[in-house]
Amino acid sequence: SDLTQVQIEQRDNVVVARLTGELDISVAESTGRKIADAVSSSARGVVVDMSGLEFMDSSGVSMLFALARQVGSHRQQLVVVAPTGKPVSRVLEIVEFGRAAPVREDVEAAVTVIATPQA
(Lines give C-alpha, C1' and ligand atoms only; values in the text may rest on other atoms or scores of the structure.)
Protein backbone atom coordinates (compact mmCIF):
# COMPACT_ATOMS: atom_id res chain seq x y z
CA SER A 1 0.00 0.00 0.00
CA ASP A 2 1.58 3.24 -1.16
CA LEU A 3 1.55 6.26 1.10
CA THR A 4 1.23 8.43 -1.99
CA GLN A 5 -1.46 8.08 -4.63
CA VAL A 6 -0.58 9.47 -8.05
CA GLN A 7 -3.36 10.28 -10.50
CA ILE A 8 -2.23 11.24 -13.99
CA GLU A 9 -4.41 13.14 -16.43
CA GLN A 10 -3.75 14.80 -19.77
CA ARG A 11 -4.96 18.32 -20.35
CA ASP A 12 -4.21 19.55 -23.86
CA ASN A 13 -0.43 19.15 -24.07
CA VAL A 14 0.05 19.29 -20.32
CA VAL A 15 0.37 16.32 -17.98
CA VAL A 16 -1.30 16.86 -14.61
CA ALA A 17 -0.10 14.61 -11.79
CA ARG A 18 -2.24 14.84 -8.65
CA LEU A 19 -0.57 13.58 -5.50
CA THR A 20 -2.47 12.67 -2.35
CA GLY A 21 -1.35 11.22 0.96
CA GLU A 22 2.22 11.49 2.21
CA LEU A 23 5.41 11.85 0.21
CA ASP A 24 8.45 10.53 2.04
CA ILE A 25 11.63 8.59 1.41
CA SER A 26 9.79 5.28 1.02
CA VAL A 27 7.84 6.47 -2.03
CA ALA A 28 9.58 9.61 -3.37
CA GLU A 29 11.76 7.86 -5.96
CA SER A 30 8.99 5.67 -7.39
CA THR A 31 6.58 8.62 -7.40
CA GLY A 32 9.07 10.75 -9.32
CA ARG A 33 9.60 7.95 -11.83
CA LYS A 34 5.85 7.49 -12.27
CA ILE A 35 5.42 11.20 -13.04
CA ALA A 36 8.44 11.37 -15.36
CA ASP A 37 7.25 8.29 -17.28
CA ALA A 38 3.87 9.95 -17.86
CA VAL A 39 5.41 12.96 -19.58
CA SER A 40 5.65 12.20 -23.29
CA SER A 41 8.11 14.03 -25.50
CA SER A 42 5.21 15.88 -27.13
CA ALA A 43 3.96 17.32 -23.82
CA ARG A 44 4.68 20.98 -23.14
CA GLY A 45 5.21 20.22 -19.50
CA VAL A 46 3.90 18.76 -16.28
CA VAL A 47 1.88 20.13 -13.38
CA VAL A 48 2.49 18.39 -10.06
CA ASP A 49 -0.56 19.08 -7.90
CA MET A 50 0.44 18.75 -4.25
CA SER A 51 -2.68 20.31 -2.79
CA GLY A 52 -3.83 16.86 -1.64
CA LEU A 53 -0.58 16.02 0.19
CA GLU A 54 -0.66 16.03 3.97
CA PHE A 55 3.10 15.60 4.38
CA MET A 56 6.32 15.86 2.41
CA ASP A 57 9.86 15.32 3.69
CA SER A 58 13.20 16.25 2.15
CA SER A 59 13.15 13.27 -0.20
CA GLY A 60 9.94 14.66 -1.73
CA VAL A 61 11.72 17.99 -2.17
CA SER A 62 14.68 16.23 -3.83
CA MET A 63 12.29 14.40 -6.14
CA LEU A 64 10.77 17.74 -7.25
CA PHE A 65 14.17 19.32 -7.92
CA ALA A 66 15.21 16.23 -9.92
CA LEU A 67 11.95 16.34 -11.88
CA ALA A 68 12.47 20.05 -12.62
CA ARG A 69 15.95 19.30 -14.00
CA GLN A 70 14.72 16.32 -16.00
CA VAL A 71 11.80 18.07 -17.73
CA GLY A 72 13.95 21.17 -18.21
CA SER A 73 16.54 19.11 -20.05
CA HIS A 74 13.77 18.12 -22.49
CA ARG A 75 12.77 21.79 -22.93
CA GLN A 76 9.58 21.18 -21.01
CA GLN A 77 8.20 23.00 -17.98
CA LEU A 78 7.37 21.91 -14.47
CA VAL A 79 4.86 23.84 -12.37
CA VAL A 80 3.97 22.80 -8.83
CA VAL A 81 0.60 23.44 -7.22
CA ALA A 82 0.85 24.08 -3.48
CA PRO A 83 -1.86 26.29 -1.97
CA THR A 84 -0.67 28.89 0.54
CA GLY A 85 -1.08 27.79 4.13
CA LYS A 86 -0.71 24.07 3.41
CA PRO A 87 2.29 22.27 4.98
CA VAL A 88 3.79 21.47 1.56
CA SER A 89 3.65 25.13 0.54
CA ARG A 90 5.69 26.06 3.60
CA VAL A 91 8.31 23.39 2.84
CA LEU A 92 8.66 24.67 -0.73
CA GLU A 93 9.09 28.24 0.56
CA ILE A 94 11.84 27.19 2.97
CA VAL A 95 13.86 25.45 0.26
CA GLU A 96 13.17 28.28 -2.22
CA PHE A 97 11.76 25.83 -4.75
CA GLY A 98 10.33 28.76 -6.71
CA ARG A 99 13.83 29.34 -8.08
CA ALA A 100 13.72 25.92 -9.78
CA ALA A 101 10.12 26.03 -11.03
CA PRO A 102 6.99 28.15 -10.60
CA VAL A 103 4.64 27.36 -7.72
CA ARG A 104 0.96 28.23 -8.15
CA GLU A 105 -2.19 28.16 -6.02
CA ASP A 106 -4.32 25.90 -8.22
CA VAL A 107 -4.18 23.56 -11.21
CA GLU A 108 -5.86 26.03 -13.61
CA ALA A 109 -3.21 28.67 -12.92
CA ALA A 110 -0.43 26.10 -13.25
CA VAL A 111 -1.72 24.74 -16.58
CA THR A 112 -1.98 28.32 -17.87
CA VAL A 113 1.72 28.91 -17.10
CA ILE A 114 2.69 25.95 -19.28
CA ALA A 115 0.07 26.44 -22.00
CA THR A 116 0.98 30.10 -22.54
CA PRO A 117 3.90 30.39 -24.97
CA GLN A 118 6.94 32.07 -23.47
CA ALA A 119 7.97 35.32 -25.09
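Before any of the text, the structure's been laid out above.
K.L.:
Residues and numbers for the pairing of strand β2 (residues 14-23), please.
P.N.:
Across the ten residues of β2, seven count as buried, placing the element largely inside the fold. Bridge count for strand β1 (residues 4-11) against β2 is eight bridges, and the pairing is antiparallel. The residue bridging threonine 4 from the neighbouring strand is glycine 21, located in β2. The turn joining β1 and β2, which pair antiparallel and follow one another in sequence, is formed by two residues; a positive phi near 55 degrees is taken by aspartate 12. Where β2 and strand β3 (residues 45-56) come together, nine bridges link them in parallel fashion. What sits directly across from valine 16, in β3, is valine 47. For the segment spanning β2, helix α1 (residues 28-38) and β3, crossover handedness is right-handed.

K.L.:
Give me the lowdown on the environment of valine 48, citing residues and values where you can.
P.N.:
Following the sequence through the fold, valine 48 ends up in strand β3. Valine 48 gets classed as buried once you look at its relative accessible area, which sits at 0%. Counting along the chain gives 29 residues from valine 48 to leucine 19, while the straight-line C-alpha distance between them is 7.3 Å. Leave out the neighbours within four places in its chain, and valine 48 touches Ala17, Leu19, Ile35, Leu64, Leu67, Leu78, Val79, Val80 and Val81.

K.L.:
Break down the packing of aromatic side chains for me, citing the residues and quoting the values.
P.N.:
Here the structure, examined in full by the defined rule, presents one aromatic pair. Here the aromatic rings of phenylalanine 65 and phenylalanine 97 are separated by 4.9 Å at their centres, their planes lie at 70 degrees, and the arrangement is edge-to-face. With phenylalanine 65 in helix α2 (residues 58-73) and phenylalanine 97 in the loop between α3 (87-94) and β5 (103-104), this residue pair connects regions lying 32 residues apart in the sequence. On the basis of relative accessible area, phenylalanine 65 is assigned to the partly exposed category, the value being 24%. For phenylalanine 97, a relative accessible area of 0% translates into the label buried.

K.L.:
Explain the packing of α1 against α2 to me, using residue names and the numbers behind them.
P.N.:
It is at 9 Å that the axes of α1 and α2 come closest, and there the two elements cross at 25 degrees. Taken together, α1 and α2 sit at an angle that is classed as roughly parallel. α2 is crossed by α1, and the crossing has right-handed handedness. Contact residues: α1 offers Ala28, Thr31, Gly32, Ile35 and Ala36, while α2 offers Ser59, Gly60, Met63, Leu67 and Gln70. Here the residues of the contact of α1 with α2 are counted per class, giving five nonpolar, five polar and no charged.

K.L.:
Would you mind going over α2 in detail, with residue names and values included?
P.N.:
Spanning 16 residues, α2 covers 23 Å between terminal C-alpha atoms, matching the ideal 22 Å at 1.5 Å per step. If you check which residues of α2 are buried, you get Ser59, Gly60, Val61, Met63, Leu64, Leu67, Ala68 and Val71. The inward-facing, buried residues of α2 contact β2, α1, β3, β4 (77-81) and α3. Downstream of α2 by a residue or two, arginine 75 has a phi angle that is positive, lying close to 60 degrees.

K.L.:
Describe in detail the sheet that holds β4, supporting the description with residues and values.
P.N.:
Read from one edge to the other, the open sheet built from five strands follows the order β1-β2-β3-β4-β5, with strand pairing classed as mixed. Among the strands making up the open sheet, the edge pair consists of β1 and β5. Across five bridges, the pairing between β3 and β4 is parallel. Bridge assignment links valine 47 to a residue of β4, and that residue is valine 79.

Conventions used here
Residues numbered from 1 in each chain as written. Predicted model: local features only at pLDDT ≥ 70, side-chain atom pairs only at ≥ 80, totals over all residues. Heavy atoms only, no water. Buried < 20%, exposed > 50% of the residue type's maximum accessible area, 1.4 Å probe, protein only. Helix = DSSP H or I, 4+ residues; strand = E, 2+ residues; numbered from the N terminus. Pairing = 2+ DSSP bridges. Right-handed = clockwise from strand over helix to strand, strands pointing away. Contact = heavy atoms within 4.5 Å. Phe/Tyr/Trp six-rings, centres within 6.5 Å; stacked < 30°, edge-to-face > 60°. Axes fitted to C-alpha atoms, helices over the stretch in contact; angles between N-to-C directions. Parallel < 35°, antiparallel > 145°, perpendicular 65-115°, else oblique. Left-handed = near helix turned anticlockwise from the far one by under 90°. Nonpolar A, V, L, I, M, F, W, Y, C, P; charged D, E, K, R; others polar. Expected span 1.5 Å × (residues − 1).

Just distances and angles here, no functional claims.
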